[in-house]
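# Architecture at a glance
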Amino acid sequence: MAKAAYDGAQTPAYFGLDPDAALAELGAPMETGGFAQMAEACAKGRRDLAGRGLGEEGRKSLRLFSTWEITRYLIPVAQAHFRRVLRANPDLPQGRSETEGGAKWFTLDEVQRLRAFFGEQGSKAKDYLPYRPEGLPAKVVAVANFKGGVGKTSTAAHLAMSAALDGYRVLVVDLDSQGSMTSIFGGRVEDEWGTVFPLIARHHARHLQAANQGRIDRGEAPVPLDDIGDDALKLDPATLVQKTHWPNIDLIGAQLNLYWAEFQIPVWRLQSRGWKLWDALADGLDQAGWLDAYDVILLDTPPALGYLTINGLSAADILLVPLGASFLEFDSTGRFFDMLHSTFASIEEGENVAARALGREGLAFEWDAVRAVLTRYDGAQQGEMAALMQSYLGPTLSPHRQDFTALIGQAGEQVNGIYEADYRDFNRETYARGRETFDATYAAFKKLLIGTWRRDELAAHAEAAQTQQAAARG
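Residues numbered from 1 in each chain as written. Predicted model: local features only at pLDDT ≥ 70, side-chain atom pairs only at ≥ 80, totals over all residues. Heavy atoms only, no water.

### Side note on the pattern of salt bridges
On inspection of all chains with the given rule, the structure shows 16 salt bridges. For D300, the salt bridge identified is with K152, shortest N-O distance 3.2 Å. One end of the pair, D300, is in strand 10 (residues 296-300); the other, K152, is in helix 6 (residues 152-165), with 148 residues separating them in the sequence. Close ionic contact of E351 with K276 constitutes a salt bridge, the shortest N to O distance being 3.4 Å. Highlighted residues: E351 in helix 14 (residues 327-358) and K276 in the loop between helix 10 (261-271) and helix 11 (280-287), separated in sequence by 75 residues. (Salt bridge = Lys/Arg side-chain N within 4 Å of Asp/Glu carboxyl O. Helix = DSSP H or I, 4+ residues; strand = E, 2+ residues; numbered from the N terminus.)

In structure tokens, the structure reads:
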């Protein structure tokens, strides 16, 4: 229906609406069962979309990588030399061509074998293998913000893929019951027993066992272990880890039932006042041996400061906080940092009252590095806001800004991540720009990663030297 003119201009769309026409479009009221129908419709759609990226065995498959990609992005060697090395070493992966005399393509597993060969046989002046000090544990990285829509999950996923392409062994842990990260990596989780929930339950059960031993020694009745704790103690943590279509990325997935942890954890806390619930995930990662089995452990946290997020932040060595260059996201992120301070200061204060009374060392949380990261950045529109944010946050705001490009938009509409996309599906210039901004994001992250490892490495050397000197004097 045409809109009437008002003072020579068209009236707004919300003027002149017909109640009967609105009623005709309204449809019937929805009852509770309608949500189940909507959920099933979404599930069918998700399976359809995910299925488009699945291989013959019903799982996601990773694309191949061309000689051009390998020599430009993955192994720092000239194409001509790369080909000479392959000809001289027929036992190495030789790749496959899609056409007679066409470019050679390799799986990421084959790229890893080639990288290892160049690392052993190639020039020592080149970084064929990523920096990783021996004898030090993996770095745990949490990506967190309690505002949704800031690119938290996509940033975490692309950092995991970047690190994997760089040669690191990566474990991705999905702490968000929405399970978006799990979907990105093709994970399948039946219930909460395939998530981190049993790790937390196991941690509480072990605390309760130790506390009960103390009660028995004092002649008191023990607190019975519930069925959840009993089952968690029997569970092998290795069963939680899923292989993904990336050969060097493993996954601990999430699904809706993981949210039950937010209700169960406070029940356990009331039952066991001395239980350090914030240590549950950190201790679980350590006791399962994953700090030695992997190089980087990436935690994707829920968009809320609940018990799962607190566990993720407490376990983290590095904290990344994605946000957009807007007033609302800047304001929300400031409140997030304020809540972090209140939460962890409260934990420290509560623990240290008891520690001082017992003459023990107090609790002090510490992170190797904390950085806010601007995502989906549009320099033409957001430059002034970004500069203002930088002036207030200083070095806490990473100077690198992850630009929004057409490739990010196109990849975001697909099931696959940017690094999973075949560059031939895009305009070459678009692909190069899109890849460049994510490569730069990874470079900024890698500086934090290797810088914190180097600090730990030098500290370990200094401690070893002091020990040797003390032994010599003794």
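### Points about the side chain of T301
Within the secondary structure, T301 sits in the loop between strand 10 and helix 13 (307-315). For T301, the side chain forms a polar contact with the main-chain oxygen of V143, separated by 2.9 Å. Look past the residues within four positions of T301 in its chain and what remains in contact with it is V143, A144, N145, K152, L175, D176 and T309. (Polar contact = N/O pair within 3.5 Å; in protein donor to acceptor, adjacent residues only side chain to side chain. Contact = heavy atoms within 4.5 Å.)

### Let's talk about the sheet that holds strand 5 (residues 104-106)
Strand order in the open sheet formed by three strands is 3-5-4, with antiparallel pairing between adjacent strands. Strands at the two margins of the open sheet, each flanked by one partner only, are strand 3 (65-66) and strand 4 (96-97). Relative to strand 5, strand 4 is paired through two bridges, and the arrangement is antiparallel. Across the sheet, the residue bridging to R96 is W105, located in strand 5. (Pairing = 2+ DSSP bridges.)

### Some words on the sheet that holds strand 7 (residues 170-174)
Reading across from one edge, 8-9-7-10-6-11-12-13 is the order of the eight strands in this open sheet, with mixed pairing throughout. Strand pairing shows two members of the sheet lacking a second neighbour, strand 8 (242-243) and strand 13 (397-403), which therefore form its edges. Across four bridges, the pairing between strand 7 and strand 9 (residues 249-252) is parallel. Residue pairing for strand 9: V170 is matched across the bridge by I249. Sitting on the sheet, helix 14 is in contact with strand 11 (318-323) and strand 12 (369-377), with an inclination near 155 degrees to strand 11. Sheet strands touched by helix 17 (residues 428-473): strand 6 (139-143), strand 10, strand 11, strand 12 and strand 13. Its angle to strand 13, the strand with the most contacts, is close to 150 degrees. (Axes fitted to C-alpha atoms, helices over the stretch in contact; angles between N-to-C directions.)

### Considering the nonpolar core
I75, F185, W246, I249 and L320 are the most contacted members of the largest nonpolar core, which totals 50 residues. The biggest single contributor to this core is helix 6, with eight residues. Apart from residues no more than four positions distant in its own chain, I75 is found in contact with I70, V111, L114, R115, F118 and Y128. Counting residues in each nonpolar core, the second largest holds 46 residues, with L175, I265, L291 and L299 among its members. (Core = buried A, V, L, I, M, F, W, Y, C linked by side-chain atoms within 4.5 Å. Buried < 20%, exposed > 50% of the residue type's maximum accessible area, 1.4 Å probe, protein only.)

### Considerations on unusual backbone geometry
Most peptide bonds take the trans form, and the phi angle of most residues other than glycine is negative. Phi is positive for R376, close to 50 degrees, though the residue is something other than glycine. You can see R376 is positioned in strand 12.

### Considerations on the environment of R401
Tracing the backbone shows R401 in strand 13. Its relative accessible area of 21% is what places R401 among the partly exposed residues. When the C-alpha positions of R401 and E348 are compared, they lie 34 Å apart, and in sequence the two are 53 residues distant. Apart from the residues within four sequence positions on either side, R401 is in contact with L374, Y377, A386, A387, Q390 and T437. At 3.5 Å, the side chain of R401 forms a polar contact with the side chain of Y377.

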